[in-house]
Amino acid sequence: HAGHDMGATSQGTTLLPEGAALRELPLLANEARRPGLFKARLTAEPAVARFAEGQDTPILAYNGQSPGPLIEAFEGDRVEITFANRIGEEASTIHWHGMPVPADQDGNPMDPVAAGTDRIYAFVLPEGSAGSYWYHPHPHGKTAEQVYRGLAGAFVVKSKVDPVPAEYGDTVLVLTDLRLAADGSMPGNTMSDLMNGRVGDHVLVNGQKNPQLSVAEGARRRLRLYNATNARFLKLAFDGAPMTIIGADGGLIEAPVAAEDILIGPGERIELVVAFDRPGPATLKTLPYDRGWMGPGRPADAGLTLLTVNVSQTPAEVLPPLPERLRPIAPLPAPARSRRLVFTETMAMNASGMEMGFLINGRAFDMARVDIVTKAGETELWEIVNQADMDHPFHVHGTQFQVIAHERDGTVSKPRYLAWKDTVNVARGETVRLLLRQERPGPRMYHCHILEHEQLGMMGVLDVQ
Ligand code: C2O
Ligand code: CU
């Protein structure tokens, strides 16, 4: 096979040849007998994957799949998913990342599902909530490991009226990060992984290394990109095919925006339309991005090929254009109050070795402590201040927010477009201002979505009353 990177090794292991056809994520079957209801079962359990020739890699999977099966439901649907925790000895949960579910259905660390037990998660998908969400475990202290071992899946909420032409398709691309030991197993986290977040040796797309997609010349494809890695920042561009941003975490933006490149931090999603007008291969590649790194062993972030689209010389049928307006987004009203969240890292050597702290407003996460109390229905201005040496992607549960400004060294810039977001990167030295309104009472988490930082304390509890 030409084009295989046989030097692609993960600590001495050769991955299975690249170049297989892109696998569409299997759909989670809806067992409901009536319209308006989505009913299914998700079992988290150990499984075996084959990433390298002759080597079995023990992983964790939902219904035997990693990434987990794709959940597709419509705005207005009621969702009832029975979660069976069969991973072994540990508690787990399912957190519906970005989805506006009631607090007691949110799968947060206060609400663990004990090993060997089941629970039903039930919620309604509100009108207007169409978007690219995902699901992953969120148990106390074990989230990072359960996710990198394989537990993560995409949850797409569709709208019955969608302005994006159906001819563009709708392809979900879940990006994950893999590191293998020489024996094919996944090594545990090192001290460097805990500090920097675990960054592996290979970025996989729907579980595959550099899969291939074939399209006709002139084709347009709608792609939903998910950064489901623990800690890898993905600055991406298609070599040979122009990209247009059409959506963010919480669905379509107001109007399409052409983009030379995109940056997707851990936990974030972007919806694109890509135009394939030039016959030949168009590759989705990583570009350099300095996210701050402590100590040696900084992994490569540039020059990785994630996906190859082979554009044939047979012209596509004439396609409808992308509409100039996608959907209106009402700006959130003036805030009732403002809050400041300061992210810091502390490193100190003591008798027992290196002591690290990943803190918000000087404190590490304590499940028993409420850090912020807010009122349902009131808009707040949140200022996320990153005084640390690494980028930290900020995520909040329960609602979506609108970023209004980025500030660095006294220079304020507005985002290029208004969007509903649930995760936003806060670069080192930067302050991000966002408007946030919680609608549903109960406890909610906010945290850094570098999952090792979340584990080490960069998380707080918001009580919505
Ligand atoms: Cu995607 Cu609190 O997490
Ligand atoms: Cu962080």
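Residues numbered from 1 in each chain as written. Chains lettered and ligands numbered in written order. Predicted model: local features only at pLDDT ≥ 70, side-chain atom pairs only at ≥ 80, totals over all residues. Heavy atoms only, no water.

Colleague: Which residues make up the overall build of the protein chain, and what values do they have?
Modeller: The helix and strand inventory of the protein chain stands at three helices and 32 strands. Compactness check: the protein chain gives a C-alpha radius of gyration of 21 Å against a globular reference of 23 Å for 465 residues, within 12% of the reference. Expressed along its principal axes, the backbone C-alpha trace of the protein chain runs to roughly 60 × 55 × 50 Å. Sorting the 465 residues of the protein chain into buried and exposed places 57% on the buried side. Partitioning the contacts of the protein chain with sequence separation of at least 6, the portion at a separation of at least 24 is 77%. Charged side chains in the protein chain number 44 positive and 56 negative. The centres of these two groups are separated by 3 Å. (Helix = DSSP H or I, 4+ residues; strand = E, 2+ residues; numbered from the N terminus. Rg over C-alpha atoms; globule rule 2.2 N^0.38 Å. Buried < 20%, exposed > 50% of the residue type's maximum accessible area, 1.4 Å probe, protein only. Contact = heavy atoms within 4.5 Å. Lys, Arg positive; Asp, Glu negative; His and termini not counted. Charge placed at Lys NZ, Arg CZ, Asp CG, Glu CD.)

Colleague: Report on the side chain of Thr93, specifying residues and quantitative values.
Modeller: As for its position among the elements, Thr93 is in the loop between β6 (78-85) and β7 (95-97). A relative accessible area of 0% means that Thr93 is categorised as buried. Within the structure, Thr93 has its side chain in polar contact with the backbone oxygen of Gly107 (distance 2.7 Å). Apart from the residues within four sequence positions on either side, Thr93 is in contact with Tyr62, Phe83, Gly107, Asn108, Asp111, Pro112, Val113, Tyr121, His136, Pro137, His138 and Pro139. (Polar contact = N/O pair within 3.5 Å; in protein donor to acceptor, adjacent residues only side chain to side chain.)

Colleague: Run through the coordination of the copper ion (ligand 2), naming residues and quoting values.
Modeller: Looking at the metal site, the copper ion (ligand 2) is ligated by His392 (ND1), Cys448 (SG) and His453 (ND1), spaced 1.9 to 2.1 Å from it. If you list the donors of the copper ion (ligand 2) from N- to C-terminus, the spacing comes out as H-x55-C-x4-H. Here the residue His392 occupies a position in strand β26 (residues 392-396), and Cys448 occupies one in strand β31 (residues 442-448), the gap between them amounting to 56 residues. You'll find His392 and Cys448 in the same group, each marked buried. (Donors = N, O, S within 2.8 Å, 3.2 Å for Na, K, Ca; no water.)

Colleague: Tell me what's going on with the pairing of strand β14 (residues 219-227), and back it up with residues and numbers.
Modeller: Across the nine residues that make up β14, a large majority, eight, are buried. In this sheet, β14 lies alongside strand β11 (residues 171-178) in parallel orientation, the contact comprising five bridges. Residue Val172 lies in a different strand from β14, and its bridge partner there is Arg224. Pairing between β14 and strand β19 (residues 269-276): eight bridges, direction antiparallel. If you follow Leu225 over to β19, its bridge partner there is Ile270. (Pairing = 2+ DSSP bridges.)

Colleague: How would you explain the confidence of the model for the protein chain if you had to name every residue and give the values?
Modeller: The predicted coordinates of low-pLDDT regions are not to be read in fine detail. In the predicted model, the protein chain carries a mean pLDDT of 94, and the fraction of residues at 70 or more is 97%. Taken together, the stretch residues 1-9 has pLDDT below 50 and engages in 13 contacts with residues farther than four places along the chain or on a different chain. (pLDDT = per-residue confidence, 0-100.)

Colleague: Can you break down the sheet that holds β31 residue by residue, with the values?
Modeller: Two strands in a sheet stick together by hydrogen bonds in their backbones, pointing the same way (parallel) or opposite ways (antiparallel). Ordered in space as β24-β32-β31-β26-β29, the five strands form an open sheet in which the pairing is mixed. Edge positions in the open sheet fall to β24 (372-374) and β29 (423-426), since each of these has one partner strand only. Neighbour-to-neighbour, the strand axes of the sheet open up by a mean angle of 25°, direction not taken into account. (Axes fitted to C-alpha atoms, helices over the stretch in contact; angles between N-to-C directions.)

Colleague: Give a detailed account of the environment of Val172, specifying residues and quantitative values.
Modeller: Its place among the elements puts Val172 in strand β11. Those residues in contact with Val172 that lie beyond four places of it in its chain are Leu25, Leu70, Ala154, Val156, Asn206, Arg224 and Tyr226.

Colleague: Go over a nonpolar patch on the surface, please, and point to the residues and values.
Modeller: On the surface, a cluster of nonpolar side chains totalling about 320 Å² of accessible area is made up of Met191, Met349 and Met354. Mapped onto the fold, Met349 is located in strand β22 (residues 337-350). The class for Met349 is exposed, based on a relative accessible area of 66%. (Patch = residues over 30% accessible without salt bridge, like charges linked within 9 Å, V, L, I, M, F, W, Y side chains within 5 Å. Areas by Shrake-Rupley, 256 points an atom, 1.4 Å probe, with all protein chains shown as cover. Salt bridge = Lys/Arg side-chain N within 4 Å of Asp/Glu carboxyl O.)

Colleague: Got a sec to walk through the nonpolar core? Specific residues and values, please.
Modeller: Ranked by internal contacts, the top residues of the largest apolar core, which has 40 residues, are Leu225, Leu236, Phe238, Ile262, Phe276 and Val309. In terms of residues, this core owes the most to one element, β19, which gives five residues. Leaving out residues up to four positions away in the same chain, Phe276 has contacts with Val215, Ala216, Glu217, Gly218, Ala219, Arg220, Arg221, Phe238, Ala241, Ala282, Val309 and Val311. Core analysis: the next-biggest nonpolar cluster, separate from the first, contains 32 residues, Tyr289, Met390, Val426 and Cys448 among them. (Core = buried A, V, L, I, M, F, W, Y, C linked by side-chain atoms within 4.5 Å.)

Colleague: Could you give me a rundown of the environment of His449, with the residues and numbers involved?
Modeller: With respect to the helices, strands and loops of the structure, His449 is situated in the loop between β31 and α3 (451-455). You can call His449 buried: its relative accessible area is 0%. For the pair formed by His449 and Gly265, sequence separation is 184 residues and the distance between their alpha carbons is 8.5 Å. Leaving out residues up to four positions away in the same chain, His449 has contacts with His97, Trp134, His136, Asn230, Pro266, Gly267, Pro393, His395 and Thr423. At 3.2 Å, the side chain of His449 forms a polar contact with the side chain of His97.

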